[in-house]
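Coordinate analysis (summary)
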Amino acid sequence: MGLSERQKMAAGEWYCCFDPELDALRWQAREAVHAHNTMPPAQRGNLAPALSALFAEIGESVFIEAPFHCSYGINISLGRRVYMNAGCTILDSASVRIGDGSMLGPGVHIYCAEHHKDAELRGAGMEVARPVTIGRSVWIGGGAILVGGITVGDGAIIGAGAVVTRDVAAGATVVGNPARPVRAG
């Protein structure tokens, strides 16, 4: 028997996002996200229990401001003291790992899915998922977009509004669309 669509997604192969199992997982995430986004802050604390239970891993002192959105949640791993400001979105069809002490400004978006370039296959729901890895002590400015398949090294800075389509070296600062290193001087 062949792989399920969920197994293909996890393996980085082309899969159909219209699959009933994947749809059920997205509904589970919607419920957890809704609970997080609508709970009074004093009840929610740093992270609503339903959202916390959904994630693959969560370090101590993680704080996610509302509103927040994710596709599945089950592919998100957060290190200690990760902070996400309001309006962050993680479309986690692949693994998204965010290292200790990293901070995401408001409206940061992370997209793992790449839809098929062939219009007919795209219309049929075919996509491939690529992981995103963010190192320790990374600062990502508001409104930045990170696409699937990239790694951001420890201590890097991504400027507000940057569109990151390539790996970012440890300690580098990148800005613009597409994001490019800032030159000294």
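Computed from a predicted structure; not experimentally measured. (Residues numbered from 1 in each chain as written. Predicted model: local features only at pLDDT ≥ 70, side-chain atom pairs only at ≥ 80, totals over all residues. Heavy atoms only, no water.)

1. Quick look at the nonpolar core
- Core analysis: the biggest nonpolar cluster contains 47 residues, and F68, M84, I98 and L146 have the highest contact counts within it.
- Elements that contribute at least two residues to this core include exactly α2 (20–38), α4 (49–54), β4 (68–70), β5 (76–78), β7 (88–91), β8 (96–98) and β13 (132–134).
- No other element matches the five residues that α2 contributes to this core.
- Setting aside residues up to four positions removed in sequence, M84 forms contacts with F63, I64, E65, F68, L78, I90, I98 and L104. (Core = buried A, V, L, I, M, F, W, Y, C linked by side-chain atoms within 4.5 Å. Buried < 20%, exposed > 50% of the residue type's maximum accessible area, 1.4 Å probe, protein only. Helix = DSSP H or I, 4+ residues; strand = E, 2+ residues; numbered from the N terminus. Contact = heavy atoms within 4.5 Å.)

2. Things to note about the packing of aromatic side chains
- As enumerated under the stated definition, the model contains two aromatic pairs in all.
- Geometrically, the ring pair formed by F55 and F68 is edge-to-face, given 6.2 Å between the ring centres and 75° between the ring planes. Note that F55 is positioned in the loop between α4 and β2 (57–58) and F68 in strand β4, a separation of 13 residues in sequence.
- Residue classification places F55 among the buried residues on the basis of a relative accessible area of 6%.
- Residue classification places F68 among the buried positions, given a relative accessible area of 2%.
- Here R30 stacks its cationic end above the ring of W27, 4.5 Å away from the centre of that ring. (Phe/Tyr/Trp six-rings, centres within 6.5 Å; stacked < 30°, edge-to-face > 60°. Lys NZ or Arg CZ within 6 Å of the ring centre and 35° of its normal.)

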